[in-house]
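In case you want the letters, here they are:
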Amino acid sequence: MPEACTYVVFGATGNLSMTKLMPAFYHLEKHNRLTDEVKILAIGRRDWDRDEWIETVKEAVMPKARGGITDEVCDRFCSRLDYFKMDILNAQDYLKLKEHIEANNWPNNMAFYLSLGPDQFAPAVEHLGEAKLLREDSGWRRVVLEKPFGYDAESAKQLQKRLNKYLDEEQTYRIDHYLGKGMVQNLMVFRFANLMMEPLWNRNYIDHIQITHAEDKPVGTRAGYYDTSGAMRDMIQSHLLQLLALVAMEPPASMEAEALRNEKVKLLQSVRPILKKNVHNQAYRAQYAEGSVNGEQVPAYLQEPGVDKNSVTETYAALKLYIDNWRWAGVPFYIQTGKNMPKNRTIVAIRFKHPPKQFFRDSQVKKMEPNWIVFGIQPEESIRIELTAKQPGLEIMTEQTSLDATLKGDVDTSYDAYEELLLDVIKGDRSLFLRYDEVKAAWTVVDPILQAWSSETAYIDTYPSGSWGPEGAKKLFDHPEQCWRYHY
Ligand code: BG6
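From a predicted model like this one, the values you see are computed outputs, not experimental measurements.

### Observations concerning the overall build of the chain
Counting its secondary structure elements, the chain contains 13 helices and 17 strands. The principal-axis extents of the C-alpha atoms in the chain amount to approximately 80 × 50 × 45 Å. Counting the 488 residues in the chain, one finds 55% classified as buried. Working note: accessible area of the chain is about 21700 Å², and carbon and sulfur atoms make up 52% of it. With 60 positive and 69 negative side-chain charges, the chain shows a spacing of 5 Å between the two charge centroids.

Structure representation (structure tokens):
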């Protein structure tokens, strides 16, 4: 059982907190994963009291509670909650916050979760520091930073410089919620707990690797943030490069935080830099036009409230990368993500090469399919291995078959990524959080593309909402036989 702790959530009334963090705390309560001495203090600007906050949280948690909400768990959970109104840009308010925590005699171990806009990270940490809330005299102090960490490599460096004055790296928890997903962790288990895979996991046998994250939703209420960010920053720089690192890194010395993060950094640093002249051969962007998603007519990105009418922000981005190390020399990695696509689907697909000789009779007529290993990350959690086998019957004819494992847990064993990560902060386990050099290496991968795109403000390709993205992204493939795979 993790320790006593005061969990202070900044931006508690915002979207992330309401849809993810509060439900995650509720589920930790339900599964008895918190000691009685864990307090959850919400920070917001609204003039609410504790009772109003509790009612708001209950409403938010109710529809998300797996297996329904029970009075007993709900009462226990609500007894931990409190609300404190303050202005996060006002230094005096941090002194009052400190007094409030002390007056209530809450635990001296404190986690500050900054569910804030990226430009508010530095001021919040500076004020916490000045108010002596980050000094570890009588308990640990940890700060959780949501993504994005910076806007590019340079701004990430500047941000880190400001944080460094008040925060040690050991106190810093840069969250990437993809690392809390069960199937993302399964990429590591599958690779490093199964001996039969490792000899095949390299350029000799693998033709290419694809990572696709498709969403059937528009930008929604987040246009203000998204229009300054775009798909490359929002998804690829963070979540999808993490998937790349896990699928391609060398085995770590252990599962300890530093060992794991060393390997991810090494991998990201081995990505071949994209030269300016190659940006258009290695990256593609587009924006959704109007169309139909799940049978509903939806507007174009440019018509969304909060989006600049001349915006060339991409809601779809695709990227081809090469990793210049011994294992992956010459193997392309294709990554794509988009909003308003036909389905929610995140998959990592590994396509193998053809056998050196195709000598079964039907291979003279049709080209035999290569082997695939496909990880369904979400919503289906699965591992599928596609093979060729003999068709039943007198003659030796082949057919495609597959070995399938569906891994989704039941209501008692399934969990949301944030549950594990919130708990890891209390435990002091940073293995699923990002180190600064990792974030920096990821920015270095995408920076040349972002720079090129930022100077091209006159035109952006579009794709109909409800389609699998722009035709133009197909030009990234090295070989006519390669194409995006959308099914598990
Ligand atoms: C967030 C992005 O980090 O991840 C969102 O800001 C995106 O734009 C989301 O929709 C996807 O996360 P998940 O867990 O729903 O796949």
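### Section: helix α5 (residues 121–130)
Here α5 lies mainly inside the structure; 8 of its 10 residues are buried. For α5, every residue scored as buried is listed here: Phe121, Ala122, Pro123, Ala124, Val125, His127, Leu128 and Gly129. Downstream of α5 by a residue or two, Lys132 has a phi angle that is positive, lying close to 65°.

### Thoughts on the packing of helix α6 (residues 153–164) against helix α13 (residues 436–454)
Interhelical geometry of α6 versus α13 gives an angle of 160° and a closest axis separation of 9 Å. Here α6 is positioned roughly antiparallel relative to α13, judged by the angle of their axes. Here α6 runs over α13; the crossing is left-handed. In contact with Ala153, Ala156, Lys157 and Gln160 of α6, α13 contributes Tyr436, Trp443 and Asp447. Residues of the contact of α6 with α13, tallied by class, amount to 4 nonpolar, 1 polar and 2 charged.

### Considering a negative patch on the surface
A surface patch of negative charge is lined by Asp47, Asp49, Asp51 and Glu52. With respect to the secondary-structure elements, Asp49 resides in the loop between β2 (38–44) and α2 (50–61). Classification of Asp49 by relative accessible area gives partly exposed; the value is 40%.

### Remarks on a nonpolar patch on the surface
Among the surface-exposed residues, Phe359, Phe360 and Ile396 lie close enough to one another that they form a single nonpolar patch of about 300 Å² accessible area. Take Phe359: it is sitting in the loop between β12 (345–352) and β13 (372–378). Residue classification places Phe359 among the exposed positions, given a relative accessible area of 53%.

### Some words on the nonpolar core
Counting 151 residues, the largest nonpolar core has Phe10 and Phe375 as the members making the most contacts within it. Residues lining this core come from more than one domain, with at least three contributed by each of domain 1 (6–175) and domain 2 (182–412 + 435–476). With residues near it in sequence (within four places) discarded, Phe375 still touches Met183, Leu187, Phe190, Trp201, Thr346, Ile347, Val348, Ile350, Ser382 and Ile383. Membership of the second largest hydrophobic core comes to 5 residues, among which are Ile347, Ala349, Trp372 and Val374.

### Comments concerning the UniProt feature "binding site: substrate" (unreviewed entry) in the chain
Here the UniProt-annotated "binding site: substrate" (unreviewed entry) positions come out as His177, Lys181, Glu215, Asp234 and Lys339. Those residues in contact with Glu215 that sit more than four places away from it in its chain are Met235, Gly338, Lys339, Asn340, Met341, Lys343 and Asn344. Excluding residues that lie within four positions of it along the chain, Lys339 makes contacts with Glu215, Lys217, Pro218, Val219, Arg222, Tyr226, Asp234, Tyr288, Thr315 and Tyr463.

### As for the side chain of Arg141
Tracing the backbone shows Arg141 in strand β5 (residues 141–145). Polar contacts involving the side chain of Arg141 include one to the main-chain carbonyl oxygen of Leu133, which spans 2.9 Å.

### As for the sheet that holds strand β3 (residues 81–85)
The mixed open sheet is built from 7 strands, whose spatial order is β3-β2-β1-β4-β5-β6-β16. For this open sheet the edge positions go to β3 and β16 (433–434), each flanked by a neighbour on one side alone.

### Overview of the pattern of salt bridges
The full count for this structure, using the stated rule, is 32 salt bridges. Of the charged contacts, one joins Lys266 and Glu263 as a salt bridge, the two residues approaching to 3.2 Å between their closest N and O atoms. Of the two residues, Lys266 and Glu263 are both situated in helix α10 (residues 257–269); the distance of 3 residues between them amounts to about one turn of the helix. We classify Lys266 as partly exposed; its relative accessible area is 45%. Measuring nitrogen to oxygen at the nearest pair gives 2.8 Å for the salt bridge that ties Arg485 to Glu386. Of this pair, Arg485 sits in the segment after β17 (461–465) while Glu386 sits in strand β14 (residues 382–390); the two residues are 99 residues apart in sequence, bridging distant segments of the chain. A relative accessible area of 4% places Arg485 in the buried class. Through salt bridges with shared partners, a single network forms among Glu258, Arg261, Arg430, Arg435 and Asp437.

Quick notes on the rules
- Residues numbered from 1 in each chain as written.
- Predicted model: local features only at pLDDT ≥ 70, side-chain atom pairs only at ≥ 80, totals over all residues.
- Heavy atoms only, no water.
- Helix = DSSP H or I, 4+ residues; strand = E, 2+ residues; numbered from the N terminus.
- Buried < 20%, exposed > 50% of the residue type's maximum accessible area, 1.4 Å probe, protein only.
- Areas by Shrake-Rupley, 256 points an atom, 1.4 Å probe, with all protein chains shown as cover.
- Lys, Arg positive; Asp, Glu negative; His and termini not counted.
- Charge placed at Lys NZ, Arg CZ, Asp CG, Glu CD.
- Axes fitted to C-alpha atoms, helices over the stretch in contact; angles between N-to-C directions.
- Parallel < 35°, antiparallel > 145°, perpendicular 65-115°, else oblique.
- Left-handed = near helix turned anticlockwise from the far one by under 90°.
- Contact = heavy atoms within 4.5 Å.
- Nonpolar A, V, L, I, M, F, W, Y, C, P; charged D, E, K, R; others polar.
- Patch = residues over 30% accessible without salt bridge, like charges linked within 9 Å, V, L, I, M, F, W, Y side chains within 5 Å.
- Salt bridge = Lys/Arg side-chain N within 4 Å of Asp/Glu carboxyl O.
- Core = buried A, V, L, I, M, F, W, Y, C linked by side-chain atoms within 4.5 Å.
- Domains from an automatic or database assignment.
- UniProt positions renumbered as here; feature names shortened; annotations may be inferred.
- Polar contact = N/O pair within 3.5 Å; in protein donor to acceptor, adjacent residues only side chain to side chain.
- Pairing = 2+ DSSP bridges.

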